[in-house]
Amino acid sequence: MSLPGKRLLSATTIKNRVEELAGEITAHYNAPSNLPSAGLTVVGLMNGSIFFLVDLVRQLPPQTAVETWRVASYEGRSSTGKVSGLDHLTGDYKGKHVLIVDDILDTGVTLSEVKIRVKELGAKSIKVCVLLSKKKKRARQVKAHWVGFDIEDSFVIGYGLDLNDAYRTLAEIRVLDDSKQ
Ligand code: 5GP
Ligand code: MG
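Caption draft 1: How the structure looks around the side chain of Asp 103. Inspection of the secondary structure puts Asp 103 in strand 6 (residues 97-105). Despite its burial, Asp 103 pairs with no opposite charge, the nearest such side chain being Arg 168 at 5.8 Å. In this structure, Asp 103 is in contact with Gly 48, Ser 49, Val 130, Leu 131, Leu 132 and Leu 161, ignoring residues within four places of it in sequence.

Okay, structure coming up:
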């Protein structure tokens, strides 16, 4: 099978970086001053973060709670500027330390809206971890406490990232050739 675009990050590169991130996150939440009284709750944003979430949380302490929220802001290759699915999201986050995990930070709209919602639901602390960050199109300033890789502003697929639901299952991350849009 010939794959579209060209390789940006190999499966091994991703695996090594996810291991490092898990180590940094564990060390942060283990520090006595940050000790989560109610434990850590990881909220993964579906579907894009599906593989990243799984690979990451398997390396976090066993007390870690894991939840998923389904939100979407992209149609095809561009951001709609709106986040759908947030109104339905409920749950008891009162007093909890929440780590939001997403595949990629682009305009920042998704993560800023999700942070607002997590806060409304009563979280005590909110931090963000993304595998990828593209800085160019940032419309909302969102602090990502852990970033796997800073990348250029191009459309990427694989390791959970899709193009109209295809290519999520690739083990590596590939950048689509802009000339083929
Ligand atoms: P933001 O709201 O920050 O603009 O976008 C975040 C969401 O848009 C990500 O969670 C992801 O689902 C989608 N997204 C942004 N850039 C890309 C990309 O290059 N490739 C894919 N497949 N999705 C992207
Ligand atoms: Mg997403």
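Structure shown, so let's carry the discussion forward.
Caption draft 2: Inspection of the site of ligand 1 at higher detail. Among the 17 residues in the neighbourhood of ligand 1, the closest are listed as Asp 103, Thr 107, Thr 110, Lys 134 and Asp 162. Asp 103 places a polar side-chain atom, nitrogen or oxygen, 2.7 Å from an oxygen atom of ligand 1. For ligand 1, an oxygen atom lies 2.9 Å from a polar atom in the backbone of Asp 106. In the complex, the protein chains occlude 93% of the 500 Å² of accessible area that ligand 1 would expose alone. At the level of elements, strand 4 (72-75), strand 6 and helix 3 (109-120) are the ones that each hand at least two residues to the shell around ligand 1. Residue contributions to the shell around ligand 1 peak at 4 residues, all from strand 6. Residues of the shell around ligand 1, tallied by class, amount to 7 nonpolar, 5 polar and 5 charged.

Caption draft 3: Region of interest: the sheet that holds strand 7 (residues 125-134). In space, the 5 strands of this open sheet follow the order 3-2-6-7-8, with parallel pairing throughout. Since the sheet does not close on itself, it has two edges, and those belong to strand 3 (65-70) and strand 8 (146-151), each with one partner. The sheet shows a mean angle of 25° between the axes of neighbouring strands, direction not considered. Relative to strand 7, strand 6 runs parallel, the two being bridged by 8 bridges. What sits directly across from Val 98, in strand 7, is Ile 126.

About the criteria used
Residues numbered from 1 in each chain as written. Chains lettered and ligands numbered in written order. Predicted model: local features only at pLDDT ≥ 70, side-chain atom pairs only at ≥ 80, totals over all residues. Heavy atoms only, no water. Helix = DSSP H or I, 4+ residues; strand = E, 2+ residues; numbered from the N terminus. Buried < 20%, exposed > 50% of the residue type's maximum accessible area, 1.4 Å probe, protein only. Lys, Arg positive; Asp, Glu negative; His and termini not counted. Salt bridge = Lys/Arg side-chain N within 4 Å of Asp/Glu carboxyl O. Contact = heavy atoms within 4.5 Å. Near = heavy atom within 4 Å. Polar contact = N/O pair within 3.5 Å; in protein donor to acceptor, adjacent residues only side chain to side chain. Areas by Shrake-Rupley, 256 points an atom, 1.4 Å probe, with all protein chains shown as cover. Nonpolar A, V, L, I, M, F, W, Y, C, P; charged D, E, K, R; others polar. Pairing = 2+ DSSP bridges. Axes fitted to C-alpha atoms, helices over the stretch in contact; angles between N-to-C directions.

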